[in-house]
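Chain residues, written in single-letter form:
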Amino acid sequence: MPGADLHPIALTGIRAILLDIEGTTTPIEFVHHVLFPYARARVHDYLQQHGDDPGIRADLALLHAEHAAEAPGAHPPPWDPEAYVYWLMDRDRKSTGLKSLQGRIWEAGYQTGELKGKGEVYPDVRPALERWRSAGKTIAIFSSGSVQAQRDLFANTTAGDLSAFLSAYFDTTTGPKHEAISYRKIATTLGCSPPEILFVSDVVAELDAARAAEVRTAWCVRQLKSPIPDPNPTTHPRVHSFAELA
């Protein structure tokens, strides 16, 4: 029944667990108050120093194409890579070029030690990864952040290096998180049928897309609001901790 109280969700028949990051494994505050400002403060210098690198040139080409395709009413700034990046950041746009660039800046931060060991995860994340891996589950990540950013985050968390527990990473190059076809592609890559995958996210629209692809879902409500809407506005099973995925 929608709005039902929290109950453990059995993983019977589940071969793979697909996890969102922001608001699911990692507090939103860490992403918005640490990672995003870190990248924003370094965009200018990074582009100046690495503008001729093939990877950066590829990111800028994606950004240029996205700028050219903006709807007339969007009113982006005249084409300038740095100005457009800031404009996209202000709108939290899930832009592949932007996410790739941010990931490169964060990677440099991990390499210099500025971000090393600072990747915040909820306390229940590591025990759950250990439990699921021991049970033979494949664990993967699907985030709008680039694959590189995902790898760096989980290799440098406050709970230690968690990368050994993760078998695959997916980003916007697979497809938008709000489209069912993205989850079908992920199922094929993981070698599972969609009903053998459980997708855990705090965003209902993403869960709706996963369900449309016949992927099983769990709505992760980390911050228990007072009061929680009741009845629950979605029919996705609700959990507030990975301990409930038993």
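1. A few points about the overall build of the chain
Counting its secondary structure elements, the chain contains eight helices and six strands. Each helix (α) and strand (β) of the chain, taken in turn from the N terminus, gives the series β-α-α-α-α-α-β-α-β-α-β-α-β-β. A compact globule built from 246 residues should have a C-alpha radius of gyration of about 18 Å, and the chain, at 19 Å, falls within 12% of that. Considering only C-alpha atoms, the chain reaches an extent of 50 × 40 × 40 Å along its principal axes. The buried share of the chain, reckoned over its 246 residues, is 48%. Summing over all exposed atoms, the chain offers an accessible surface of approximately 11,500 Å²; the carbon and sulfur share of this is 55%.

2. A short note on the sheet that holds strand β2 (residues 138-142)
Sheets are built from strands paired through backbone hydrogen bonds, the pairs being either parallel or antiparallel. Spatially, the six strands line up as an open sheet ordered β3-β2-β1-β4-β5-β6, and their pairing is parallel. Every interior strand has two partners, whereas the edge strands, β3 (168-170) and β6 (238-239), have only one. As judged from the four bridges shared by strand β4 (residues 197-201) and strand β5 (residues 216-220), these two strands associate in the parallel manner. Bridge pairing in β5 places Phe199 opposite Thr217. Across the sheet, helix α6 (residues 147-155) is in contact with β2 and β3; its angle to β3 comes to roughly 135 degrees.

3. Brief notes about unusual backbone geometry
One non-glycine residue with positive phi stands out, namely Asp92, at about 50 degrees. Position of Asp92 relative to the elements: it lies in the loop between α3 (81-90) and α4 (96-112). Judged by relative accessible area, Asp92 falls into the partly exposed class, the value being 27%.

4. Notes on the pairing of β2
Of all the five residues making up β2, four are buried; the element is thus mostly covered by neighbouring parts of the structure. When β2 meets β3, the two strands line up parallel, connected through three bridges. Residue pairing in the sheet places Ala140 in a bridge with Ala168 of β3. At this point the chain moves from β2, through α6, to the parallel β3, and the crossover so formed is right-handed.

5. Considerations on the confidence of the model for the chain
With 93% of its residues at a pLDDT of 70 or more, the chain has an overall mean of 93. pLDDT under 50 marks residues 225-231. Its contacts with residues more than four places away, or in other chains, come to five contacts.

6. Here we look at the packing of helix α1 (residues 28-50) against α3
Put simply, α1 and α3 touch, their axes get as near as 10 Å, and they point 165 degrees apart. Taken together, α1 and α3 sit at an angle that is classed as roughly antiparallel. Between α1 and α3 the crossing geometry is right-handed. On α3, the residues that touch Ala39, Arg40, Val43, His44 and Leu47 of α1 are Glu82, Val85, Tyr86, Met89 and Asp90.

7. A word on the environment of Leu153
Counting through the fold element by element, Leu153 comes out in helix α6. Accessibility expressed as a relative area gives 5% for Leu153, which makes it buried. Each C-alpha atom of the pair Leu153 and Ala213 lies 28 Å from the other, and the pair is 60 residues apart in sequence. When neighbours within four sequence positions are excluded, Leu153 is seen to be in contact with Ile21, Thr26, Phe30, Tyr110, Gly119 and Glu120.

8. As for the pattern of salt bridges
Inspection of the entire model under this criterion finds 11 salt bridges. One salt bridge in this structure joins Lys177 and Asp20, with 2.7 Å as the shortest N-O distance. Here the residue Lys177 occupies a position in the loop between β3 and α7 (180-190), and Asp20 occupies one in the loop between β1 (16-19) and α1, the gap between them amounting to 157 residues. The buried category is assigned to Asp20, whose relative accessible area is 4%. Notably, a salt bridge pairs Asp124 with Arg222, separated by 2.6 Å at the nearest N-O pair.

9. Side note on the nonpolar core
Within the largest apolar cluster, 51 residues are counted, with the highest numbers of intra-cluster contacts made by Leu19, Trp106, Trp132, Phe154, Val200, Phe242 and Leu245. Sort the elements by how many residues they give to this core and α1 lands first, with nine residues. The contacts of Phe242, once residues within four sequence positions are left out, are Leu19, Thr24, Thr25, Asp124, Val125, Ala128, Arg131, Trp132, Val200, Cys220 and Arg222. Listed in part, the 21 residues of the second largest apolar core include Phe142, Ala168, Ala180 and Leu190.

Criteria and cut-off values
- Residues numbered from 1 in each chain as written.
- Predicted model: local features only at pLDDT ≥ 70, side-chain atom pairs only at ≥ 80, totals over all residues.
- Heavy atoms only, no water.
- Helix = DSSP H or I, 4+ residues; strand = E, 2+ residues; numbered from the N terminus.
- Rg over C-alpha atoms; globule rule 2.2 N^0.38 Å.
- Buried < 20%, exposed > 50% of the residue type's maximum accessible area, 1.4 Å probe, protein only.
- Areas by Shrake-Rupley, 256 points an atom, 1.4 Å probe, with all protein chains shown as cover.
- Pairing = 2+ DSSP bridges.
- Contact = heavy atoms within 4.5 Å.
- Axes fitted to C-alpha atoms, helices over the stretch in contact; angles between N-to-C directions.
- Right-handed = clockwise from strand over helix to strand, strands pointing away.
- pLDDT = per-residue confidence, 0-100.
- Parallel < 35°, antiparallel > 145°, perpendicular 65-115°, else oblique.
- Left-handed = near helix turned anticlockwise from the far one by under 90°.
- Salt bridge = Lys/Arg side-chain N within 4 Å of Asp/Glu carboxyl O.
- Core = buried A, V, L, I, M, F, W, Y, C linked by side-chain atoms within 4.5 Å.

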